[in-house]
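Spelled out from the first residue to the last, the chains are:
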Amino acid sequence: MIKKYNILITLVLLQALLTVIFCSFDKPKDDPKRKVKIIVIDPGHGGKDPGCNGVSCKEKDVALAVSLKLGKLIEENIKDVKVIFTRKTDVFVELEDRAKVANDNNADLFISIHCNAAGKPVMVKDKKTGKMRPKMFKNSRGKMIVVETTNPEPFGSETYVMGLKNEEGKMKVAQRENSAMLLEDNYETKYQGFDPNSEESYIIMSNYTSSYVIQSAGLALKIQDQYFKKAGRVDKGVHRQSIWVLWRTSMPSVLTEIGYLTNPQEEKFLGSEKGQSYLAACLFRAFRKYKDEQEGIKKIYDDVIENQVPLENENYKITNESGEVKALDKPEEGTDIEIKKEDKATDLKLKEAAETIAKEEALAEQKAKDDKLREDAKAKALADLKVKDSELKKAKSDSIAEAQKKLNEQEKKYKQFIALADINFKNKNYDDALSLYQKANFVKNSDTYASKKIAEIEAINKKTADTKTIEPTPERKDVGNNAGIVFKVQFASTDKEVDVKTKYSNVPEVSFYKAGAIFKYTSGNYANMEEAAKQQAKLKELGYKDCFVAAFKNNIRMDINEAKKLTEGK
């Protein structure tokens, strides 16, 4: 066993050597005169995806406000830079499309702006042991999950770059920022089977890394420095994590968490005009410094933005006064000393890694100028490969056996899914059959038989949806018009029927109809469009921003414009 382990270690090191020798020459170089002309600013979340929430603030609103202020500062003060936003209003933008905006515009930099949240486990008394333990529940995948409640204590700002591996303790951040894809249609197909709640997916993603990690880390460190020195934020460091938009952008990119909405004092700062302006100015100064550094410009600024008066962190102040937590060291006002940290091992590792990579790239670039040295290196690598040929063959044999075992397990799982799906299809349990065929399709990578059955079920569901009438629901006696048309406000849809008295307790006169396998919920019964529009406005105030008026005749939905003509006598 030890011998096999040593062989595998040797192979990994040998593969790394080959990667440096053969690939480093084509790797994008950190050219100090590389122009920064296009920046894409990405306000996190939006539309139906609010992100994390505080008492009065939503992440999507705060991120958008800071992003717009940052873009305005760049446009007004750095005329040679084009600013592109992934969104400028409260709309939902898919994760893949955010990265696509940056890639399609050949951006030189990508900055994604978010807010943070913290939770803590709900503790319950164990009936058997009598001891306190975290409360758990089983999710739809059968995995036990810890039940959490809001934790108001954590505060501070941190910035993420795409790295070689996931840092311990930061998985929840990646899961929260990647979970927006769950709101997208066909997300499993679009994101190639990536599951934001599966640790296995992050292990696969972590095998890929950006060629721009040095530039990204450099910008991230500048951002954190500005947060601390000017905005009074506690520096929680620069971290590496597998976040989708960072992975998919082909340029230096960072995701910055500007503060915790779950902390009351920090939420107050993040939601204020002053706080948002300070954070935007911090990001602007970091970007300006990064741009000058990339373009080989040495310049000292003496403008209003650069001379912004530093703020004191209120959370820090309250912590010191309460004496509950050991205070972090702060610099005296007007001085420029480095931040003392209680536990910043991760940041130090990132800095050391960046310095190591920079040295390796400089060495590789120097070797690239000398063809003979490069050929000698290749020859040596090939000689090492021949020496290790026997170990490679044995390792390959072991790998093939392991791969065959995995294939056998997949085939067994596939046959189980198909067998159960066929039974459900025969019994006309189409929803269960569809789910099982999709699982089989995923296991066997677009299997022909499973794909055919999926198409059959989708055709059946479409036909059912085309002929499905509204589930009979009680209507008000005072509703009616000569055309026999009823107007309702549709405000929600689910894939399973819910208890409307519990789920939508604040909505009056709730009814539903089915379109295929989807339950669609409506409010009210009105004789004309004007009354329904008033109810629509009320529902939007309750938070149902995407609700709309629908028309029905004989309990069957009809074209809204036709309904208006018939009821208005036109």
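Since we're looking at a predicted model, the values are computed, not measured. (Residues numbered from 1 in each chain as written. Predicted model: local features only at pLDDT ≥ 70, side-chain atom pairs only at ≥ 80, totals over all residues. Heavy atoms only, no water.)

### With respect to the confidence of the model for the chain
And then number 1: Per-chain confidence: the chain averages 78 in pLDDT, with 72% of residues scoring 70 or above.
And then number 2: When mean pLDDT is taken per element in the chain, strand S2 (residues 82-85) scores highest with 98 and helix H1 (residues 2-23) scores lowest with 38.
And then number 3: This stretch, residues 164-182, has a pLDDT under 50; its non-local contacts, to residues over four places away or in other chains, come to 67 contacts.
And then number 4: Note on residues 190-194: pLDDT is under 50 here. Beyond four places in sequence and across chains, it has 19 contacts. (pLDDT = per-residue confidence, 0-100. Helix = DSSP H or I, 4+ residues; strand = E, 2+ residues; numbered from the N terminus. Contact = heavy atoms within 4.5 Å.)

### A closer look at the nonpolar core
And then number 1: Ile39, Ile74, Ile113 and Ile258 are the most contacted members of the largest nonpolar core, which totals 42 residues.
And then number 2: Going through the elements one at a time, strand S1 (38-43), helix H2 (59-77), S2, strand S3 (109-116), helix H7 (213-231), strand S12 (253-260), helix H9 (264-270) and helix H10 (273-294) are the ones with two or more residues in this core.
And then number 3: Per-element accounting of this core gives the leading share, 10 residues, to H10.
And then number 4: Phe487, Tyr504, Phe519 and Leu539 belong to the second-largest nonpolar core, a separate cluster that totals 20 residues. (Core = buried A, V, L, I, M, F, W, Y, C linked by side-chain atoms within 4.5 Å. Buried < 20%, exposed > 50% of the residue type's maximum accessible area, 1.4 Å probe, protein only.)

### Describing the side chain of Gln535
And then number 1: Structurally, the position occupied by Gln535 is in helix H18 (residues 529-541).
And then number 2: Here Ser523 takes part through its side chain, which lies 3.0 Å from a polar atom of the side chain of Gln535.
And then number 3: Each residue touching Gln535, except ones within four places of it in the same chain, is listed here: Val489, Pro508, Ser523 and Tyr526. (Polar contact = N/O pair within 3.5 Å; in protein donor to acceptor, adjacent residues only side chain to side chain.)

### Let's talk about the sheet that holds S1
And then number 1: Judged by pairing direction, the sheet is mixed, and its six strands sit side by side in the order S2-S1-S3-S12-S10-S11 without closing on themselves. The open sheet terminates on both sides in strands that have one partner only, identified here as S2 and strand S11 (235-240). Along the sheet, successive strands turn relative to each other by an average axial angle of 20°, direction set aside.
And then number 2: With three bridges connecting them, strand S10 (residues 157-161) and S12 associate as antiparallel partners. Note that in S12 the partner of Tyr160 across the bridge is Leu255.
And then number 3: Across the sheet, H2 is in contact with S1, S2, S3 and S12; its angle to S1 comes to roughly 160°. (Pairing = 2+ DSSP bridges. Axes fitted to C-alpha atoms, helices over the stretch in contact; angles between N-to-C directions.)

### Describing the packing of aromatic side chains
For any two aromatic rings, the description comes down to two numbers: the centre-to-centre distance and the angle of the planes.
And then number 1: Counted according to the given criterion, the structure contains eight aromatic pairs.
And then number 2: With centroids separated by 5.1 Å and ring planes inclined at 70°, the aromatic side chains of Phe491 and Tyr544 adopt a geometry described as edge-to-face. Residue Phe491 is found in strand S13 (residues 485-494), and its partner Tyr544 is found in the loop between H18 and strand S16 (548-553); the two are separated by 53 residues along the sequence.
And then number 3: Taking relative accessible area as the criterion, Phe491 reaches 9% and is therefore assigned buried. (Phe/Tyr/Trp six-rings, centres within 6.5 Å; stacked < 30°, edge-to-face > 60°.)

### Some remarks on the pattern of salt bridges
And then number 1: Going through the model one piece at a time under the given rule, you end up with 14 salt bridges.
And then number 2: Among the salt bridges present, the one from Asp303 reaches Arg288, with a minimum N-O distance of 2.8 Å. On the criterion of sequence distance, the pair formed by Asp303 in the loop between H10 and helix H11 (314-322) and Arg288 in helix H10 is long-range, its members being 15 residues apart.
And then number 3: Between Glu295 and Lys291 there is a salt bridge; the shortest N-O distance is 3.1 Å. Each member of the pair Glu295 and Lys291 is classed as buried.
And then number 4: Three or more residues joined by partner-sharing salt bridges are found here, namely Lys37, Asp80, Lys291 and Glu295. (Salt bridge = Lys/Arg side-chain N within 4 Å of Asp/Glu carboxyl O.)

### Digging into the pairing of S13
And then number 1: Burial of S13 is extensive: nine of the 10 residues sit out of reach of the surface.
And then number 2: When S13 meets S16, the two strands line up antiparallel, connected through six bridges. Residue pairing for S16: Gln490 is matched across the bridge by Phe548.
And then number 3: Both S13 and strand S15 (residues 518-526) contribute to a ladder of six bridges, which runs antiparallel.

### Notes on the environment of Asn263
And then number 1: Structurally, the position occupied by Asn263 is in the loop between S12 and H9.
And then number 2: Each C-alpha atom, one on Asn263 and one on Ala118, is 8.2 Å from the other, the two residues being 145 residues apart in sequence.
And then number 3: Sequence-distant contacts of Asn263, that is, excluding residues within four places in its chain, are made with Pro152, Glu153, Pro154, Phe155 and Asn315.

### Quick notes on a nonpolar patch on the surface
And then number 1: On the surface, a nonpolar cluster with roughly 240 Å² of combined accessible area is contributed by Met136, Met144 and Val146.
And then number 2: For Met144, the location among the structural elements is in strand S8 (residues 144-146).
And then number 3: Met144 sits in the partly exposed class, given a relative accessible area of 43%. (Patch = residues over 30% accessible without salt bridge, like charges linked within 9 Å, V, L, I, M, F, W, Y side chains within 5 Å. Areas by Shrake-Rupley, 256 points an atom, 1.4 Å probe, with all protein chains shown as cover.)

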